[in-house]
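Here's the letter readout for the chains.
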Amino acid sequence: MINFAVGPVQMDEEILAMGSEQIPYFRTPEFSGLMRENERMMCRFMQAPADSRALFLTGSGTAAMEAAVMNVFSQKDRVLVVNGGSFGARFAAICRIHGIPFEEICLKSGCALSEKDLEPYAGRGFTGFLVNACETSTGVLYDMEMIGRFCRENGLLLVVDAVSSFLADDLRMKEWGISLALTGAQKALALPPGLSILVLDRTAVKRVEEGSPDSLYFDLREYLKDGLRGQTPFTPAVSILLQLNRRLKGIEEQGLETEQSRIRGQAEDFRNRIRELPLEIATKSPSCAVTPLHPLGRDSHGNCVSAYRIFEVLKDEYGIYVCPNGGELADRIFRVGHIGNLTHEDNAHLVEAMEDMHRRGLL
Ligand SMILES: *Cc1c(COP(=O)(O)O)cnc(C)c1O
């Protein structure tokens with residue numbers, strides 16, 4: 001089996017082996033020390049300002065999305081939400097549930113956000129901005145530098161979901177004025193699912209401290225406080241945090257740029273290999289995490305080949321997982337991930353399978 005999904009992704013042998021070990025008790029100086037290392041390295045790789053904090057939640061990426069919105073925004077805010085697909089729509093749903101006033105900038109599928117899209121919202125009294133750096137459902141990477149500039153000029157607090165983008169694309173919290181960035185374990189960190197991480201700059205920390213969310217588990221004030229001594233209010237995902245420590249140290253040894261360029265190389269290699277196939281990359285601004293593909297081929301009846309059917313055949317007949325889309329994109333788009341423990345050789349296997357399907361009239 002080769003897994004090209006966009007999470008959970010393929011883990012390396014060392015991380016897998018750690019997952020088979022007993023889980024230690026965690027209210028210890030040893031675990032606290034490891035957690036402080038995790039905090040330091042997460043802030044570093046998010047390129048956050050010096051006095052930033054990293055918080056560790058037991059829950060998938062959506063838990064961190066919801067916790068971020070609940071803790072830094074309130075009914076007094078007016079938040080702009082970029083909705084270019086299902087993850088942007090999720091931010092809007094979270095605002096709606098928590099009664100936070102918001103407006104959506106809805107984008108056509110596969111389209112990036114432009115200066116023109118932002119213009120009508122300048123100087124209109126908005127206080128916050130929610131965006132997914134990479135809208136994983138369509139594979140679009142937004143121009144975070146441009147968004148950062150808009151937020152700075154208009155005084156908006158910028159909160160970024162970098163769940164799929166972290167490590168795959170550059171993320172410069174300090175330079176781009178991002179106050180809060182969040183990610184999850186099962187994307188480019190290539191760990192088991194169940195852990196999410198929020199990195200907050202001083203402004204976001206202050207917002208959290210002054211807020212009072214209607215939640216016990218998601219009250220980030222407790223995480224800020226306990227984090228000072230390397231602990232969490234509730235039982236954390238201990239084993240994943242141990243694996244995270246190993247993974248982050250590995251990145252630190254090689255350098256962040258090496259890991260980012262490895263993933264970029266994986267994406268470029270794949271995109272080069274599919275040039276002769278009847279597949280169109282479904283966006284002009286793809287993230288390095290994933291390539292969204294629109295099949296152009298026709299079956300023996302002259303009908304468009306279904307993207308979902310391609311996913312099924314690759315899974316059932318070739319033992320290869322790509323990522324199908326849901327909803328109205330299901331037949332039009334499937335996605336190939338470049339994150340996790342994948343090689344150029346894995347790309348070659350996938351493209352061979354696709355070439356074979358093309359010969360069989362299935363792609
Ligand atoms: C994967 C992902 C999430 C988190 O989804 P979970 O299923 O809750 O882990 C959030 N945002 C983006 C952009 C993602 O790609």
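Overview of the layout of surface pockets
To find the voids left in a structure, one rolls a probe of water-molecule size over its atoms. As a volume, the largest pocket reaches approximately 360 Å³. Around the largest pocket, the lining comprises 16 residues; the ones closest to its centre are Met70, Phe73, Ser74, Gln75 and Ser212. Elements represented by at least two residues in the lining of the largest pocket include exactly α3 (61-72) and α8 (202-210). No other element matches α3, which puts four residues into the lining of the largest pocket. Taken together, the residues of the lining of the largest pocket sort by class into six nonpolar, six polar and four charged.

Brief notes about the domain arrangement of the protein
Reports of interface size often rely on the accessible area that becomes lost once the parts have come together. According to the domain assignment, the protein contains domain 1 (13-254) and domain 2 (256-359). When each unit is reduced to the centre of its C-alpha atoms, the spacing between domain 1 and domain 2 is 28 Å. Contact with domain 1, which involves 23 residues of that partner, is made by 21 residues of domain 2. Between domain 1 and domain 2, the buried area comes to about 1700 Å², and carbon and sulfur atoms account for 53% of it. Between domain 1 and domain 2 we count one salt bridge in total. A salt bridge links Glu259 to Arg247, with the nearest nitrogen and oxygen atoms 2.7 Å apart. Applying the counting rule to domain 1 against domain 2 returns ten residue pairs in polar contact (both at pLDDT 80 or more).

Focus: the pattern of salt bridges
Counted under the stated rule, the structure contains 24 salt bridges. Residue Glu252 pairs with Arg44 through a salt bridge whose shortest N-O separation is 2.5 Å. On the criterion of sequence distance, the pair formed by Glu252 in helix α10 (residues 238-254) and Arg44 in helix α2 (residues 29-45) is long-range, its members being 208 residues apart. Under the relative-accessibility criterion, Arg44 is labelled partly exposed at 49%. Between Arg221 and Asp219 there is a salt bridge whose closest N-O contact spans 2.9 Å.

With respect to the side chain of Ser52
Here Ser52 lies in the loop between α2 and β2 (53-58). At a separation of 2.8 Å, a polar atom in the side chain of Ser52 contacts the main-chain carbonyl oxygen of Pro49. Contact partners of Ser52, with chain neighbours within four places excluded, come to Glu39, Cys43, Val199, Leu200 and Asp201.

Concerning the pairing of strand β9 (residues 180-184)
The buried fraction of β9 is high, at five of five residues. Here β9 shows two buried faces, one formed by Leu180, Leu182 and Gly184 and the other by Ala181 and Thr183. Pairing geometry for strand β8 (residues 157-161) and β9, over three bridges, is parallel. Of the residues in β9, the one forming a bridge with Val159 is Leu180. As defined by bridge partners, β9 adjoins strand β10 (residues 195-200) across five bridges and the pair is classed as antiparallel. Across the sheet, the residue bridging to Ala181 is Val199, located in β10.

What to know about the nonpolar core
Judged by nonpolar contacts, the single largest core of 69 residues is most densely connected at Leu113, Phe129, Met144 and Ile147. Top element by residues in this core is α2. It accounts for seven residues. Two domains each provide a minimum of three residues to this core, namely domain 1 (13-254) and domain 2 (256-359). Dropping the residues within four chain positions of it, Met144 is found in contact with Val131, Ala133, Leu158, Val160, Trp176 and Ile178. Leu55, Ala63, Ala64 and Val81 belong to the second largest nonpolar core, which has 33 residues in total.

A closer look at the site of the ligand
In the vicinity of the ligand, 13 residues are found, and the nearest of them are Ser60, Thr62, Thr136, Asp161 and Lys187. In the environment of the ligand, an oxygen atom lies 2.5 Å from a nitrogen or oxygen atom belonging to the side chain of Ser60. Take Gly61: an N or O atom from its main chain is 3.1 Å from an oxygen atom of the ligand. Considered on its own, the ligand offers 390 Å² of accessible surface; in the complex 87% of this is hidden by protein. Broken down by element, the residue count for the shell around the ligand peaks at three residues, all from α3.

Definitions and cut-offs
- Residues numbered from 1 in each chain as written.
- Predicted model: local features only at pLDDT ≥ 70, side-chain atom pairs only at ≥ 80, totals over all residues.
- Heavy atoms only, no water.
- 1 Å grid on protein atoms, 1.4 Å probe; cavity = no way out; pocket = protein on both sides within 12 Å on 5 of 7 lines; lining within 4 Å.
- Points joined across faces, edges and corners; volume = space filled by probe spheres on them.
- Helix = DSSP H or I, 4+ residues; strand = E, 2+ residues; numbered from the N terminus.
- Nonpolar A, V, L, I, M, F, W, Y, C, P; charged D, E, K, R; others polar.
- Domains from an automatic or database assignment.
- Contact = heavy atoms within 4.5 Å.
- Buried area = accessible area lost by both parts, 1.4 Å probe.
- Salt bridge = Lys/Arg side-chain N within 4 Å of Asp/Glu carboxyl O.
- Polar contact = N/O pair within 3.5 Å; in protein donor to acceptor, adjacent residues only side chain to side chain.
- Buried < 20%, exposed > 50% of the residue type's maximum accessible area, 1.4 Å probe, protein only.
- Pairing = 2+ DSSP bridges.
- Core = buried A, V, L, I, M, F, W, Y, C linked by side-chain atoms within 4.5 Å.
- Near = heavy atom within 4 Å.
- Areas by Shrake-Rupley, 256 points an atom, 1.4 Å probe, with all protein chains shown as cover.

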